[in-house]
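Structural features, examined
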Amino acid sequence: MNLSQKISAFVCGSDCNDEEEQSIIEFGISILLSKLLNLVTEIIIGCLFSMLLETIIFLIAFSFLRSYAGGFHASSSSKCYVFSSTTMVVALLIIKYVDNFFANCIFVLLGTSLCLIFAPVESKNKSLDIIEKSVYRKRTVLTLALILIVLVLAFFLHIDMLFKTLSVVLLVEGIMIFLGKILNIFLRKNRNTLRHNIR
C-alpha cells in the first residue's frame, strides 16, 4: 500500500464501503502529493542557486499563466517530476547568466507571441469545449497583460531581477505551449491513422 492509498484509507475510515469514492480520493491525494513534491524540490533548487525570490516569483507567474494557457504535460508523474525540476534548473540558469536586455526582450516577444497564437492548448487529461476555449483564451490574454504591465514597471523602476524572471516565465510557457501543440497534432494524427487501419 503506497502513501496515497494509506491517506485515502485514513480519510475514508471504516465507514466508507464505496470503492469508487475511495479511488477518487486516492487519485486526488496522489496528485496533491505529486504537486507538493514538485514544489518542495523547486524551492530547494532555488535555495541551492541562492535564488529563492526568483524561484517564488517564477512559480507564481508561471502557475497562473499555465493554468489558463496550458501546454506540454509529461505522460506520468515521475516524468513530470524530472521535467519540472529540469525546467526549473534551466530557467534559473537563464535568469542568472543571461544578462542582456535585448535577449530578454526577445524572450518576451517570443513567449508572448507563442501564447497569443496557440493558447489555450489542451492535454489528454484536460480537453476543452468551444466555450471553455473562449474563456481560457480570454483569461490567458488577461494574465499575459498583467505580466507585461509588471514587466514594464520593473523596467522603468530598474528592478532587473523581476524583469529578467518574468521574461523567462514568458519564454518557458511559450515553449511549453508550442511543445504541447506539436504533441497534440502528433497524437491526433496517430488516432486518425489507427481509426483508418481499423476500418
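Check the entry above for the structure.
Residues numbered from 1 in each chain as written. Predicted model: local features only at pLDDT ≥ 70, side-chain atom pairs only at ≥ 80, totals over all residues. Heavy atoms only, no water.

With that out of the way, let us pick up the pattern of salt bridges. Taken as a whole and assessed by the stated rule, the structure comprises two salt bridges. Lys164 is paired through a salt bridge with Asp99; the nearest N and O atoms lie 3.9 Å apart. Separated by 65 residues along the polypeptide, Lys164 in helix α7 (residues 160-198) and Asp99 in the loop between α4 (77-97) and α5 (101-118) bring together distant segments of the chain. Under the relative-accessibility criterion, Lys164 is labelled buried at 13%. On the accessibility criterion, Asp99 (66% relative accessible area) is exposed. (Salt bridge = Lys/Arg side-chain N within 4 Å of Asp/Glu carboxyl O. Helix = DSSP H or I, 4+ residues; strand = E, 2+ residues; numbered from the N terminus. Buried < 20%, exposed > 50% of the residue type's maximum accessible area, 1.4 Å probe, protein only.)

Running from amino to carboxyl end, helix α3 (residues 52-69) crosses α4 at an angle of 120 degrees, the nearest separation of the two axes being 11 Å. With respect to their mutual orientation, α3 and α4 come out oblique. In the packing of α3 onto α4, the handedness of the crossing is right-handed. Contacts between α3 and α4 involve Glu54, Thr55, Phe58 and Leu59 from the former and Met88, Ala91, Leu92 and Ile95 from the latter. Tallied by class, residues from the contact of α3 with α4 come to six nonpolar, one polar and one charged. (Axes fitted to C-alpha atoms, helices over the stretch in contact; angles between N-to-C directions. Parallel < 35°, antiparallel > 145°, perpendicular 65-115°, else oblique. Left-handed = near helix turned anticlockwise from the far one by under 90°. Contact = heavy atoms within 4.5 Å. Nonpolar A, V, L, I, M, F, W, Y, C, P; charged D, E, K, R; others polar.)

Taken together, the side chains of Phe83, Ile175, Phe178, Leu179, Ile182 and Ile185 present a nonpolar region at the surface, about 480 Å² in accessible area. When residues in the nonpolar patch are grouped by element, the largest group, five residues, is from α7. Locating Ile175 in the fold gives a position in helix α7. Looking at Ile175, the relative accessible area reads 41%, which means it is partly exposed. (Patch = residues over 30% accessible without salt bridge, like charges linked within 9 Å, V, L, I, M, F, W, Y side chains within 5 Å. Areas by Shrake-Rupley, 256 points an atom, 1.4 Å probe, with all protein chains shown as cover.)

Now for the nonpolar core. One finds Phe58 and Val168 to be the most contacted residues of the largest nonpolar core, which totals 34 residues. Breaking this core down by element, the ones donating at least two residues are α3, α4, α5, α6 (130-156) and α7. Apart from the residues lying within four places of it in its own chain, the contact partners of Phe58 are Ser63, Met88, Ala91, Thr165, Val168, Val169 and Val172. (Core = buried A, V, L, I, M, F, W, Y, C linked by side-chain atoms within 4.5 Å.)

One can find Ser84 in helix α4. Classification of Ser84 by relative accessible area gives buried; the value is 18%. Apart from the residues within four sequence positions on either side, Ser84 is in contact with Asn38 and Glu42.

Take the packing of aromatic side chains next. Any two aromatic rings considered together are summarised by their centre-to-centre distance and by the angle between their planes. Tallied over the entire structure, the rule returns nine aromatic pairs. Ring geometry for Phe101 and Phe163: centres 5.8 Å apart, planes at 20 degrees, overall stacked. Of this pair, Phe101 sits in helix α5 while Phe163 sits in helix α7, and the two are 62 residues apart along the sequence. A residue is classified by how much of its surface remains accessible, and Phe101, at 38% relative accessible area, is partly exposed. Given the relative accessible area of 11%, Phe163 is considered buried. (Phe/Tyr/Trp six-rings, centres within 6.5 Å; stacked < 30°, edge-to-face > 60°.)

So, about the packing of α5 against α6. Working note: a packed helix pair is described by the angle between its axes plus the distance between those axes. Viewed as axis vectors pointing N to C, α5 and α6 meet at an angle of 170 degrees, and their least axial separation amounts to 10 Å. Relative to α6, the element α5 is oriented roughly antiparallel. The chirality of how α5 crosses α6 is left-handed. Residues Phe101, Val108, Thr112, Cys115, Leu116 and Ile117 of α5 form the contact with α6, whose own contacting residues are Arg137, Val141, Leu144, Leu148, Leu151 and Phe155. Of the residues in the contact of α5 with α6, the class split is 10 nonpolar, one polar and one charged.

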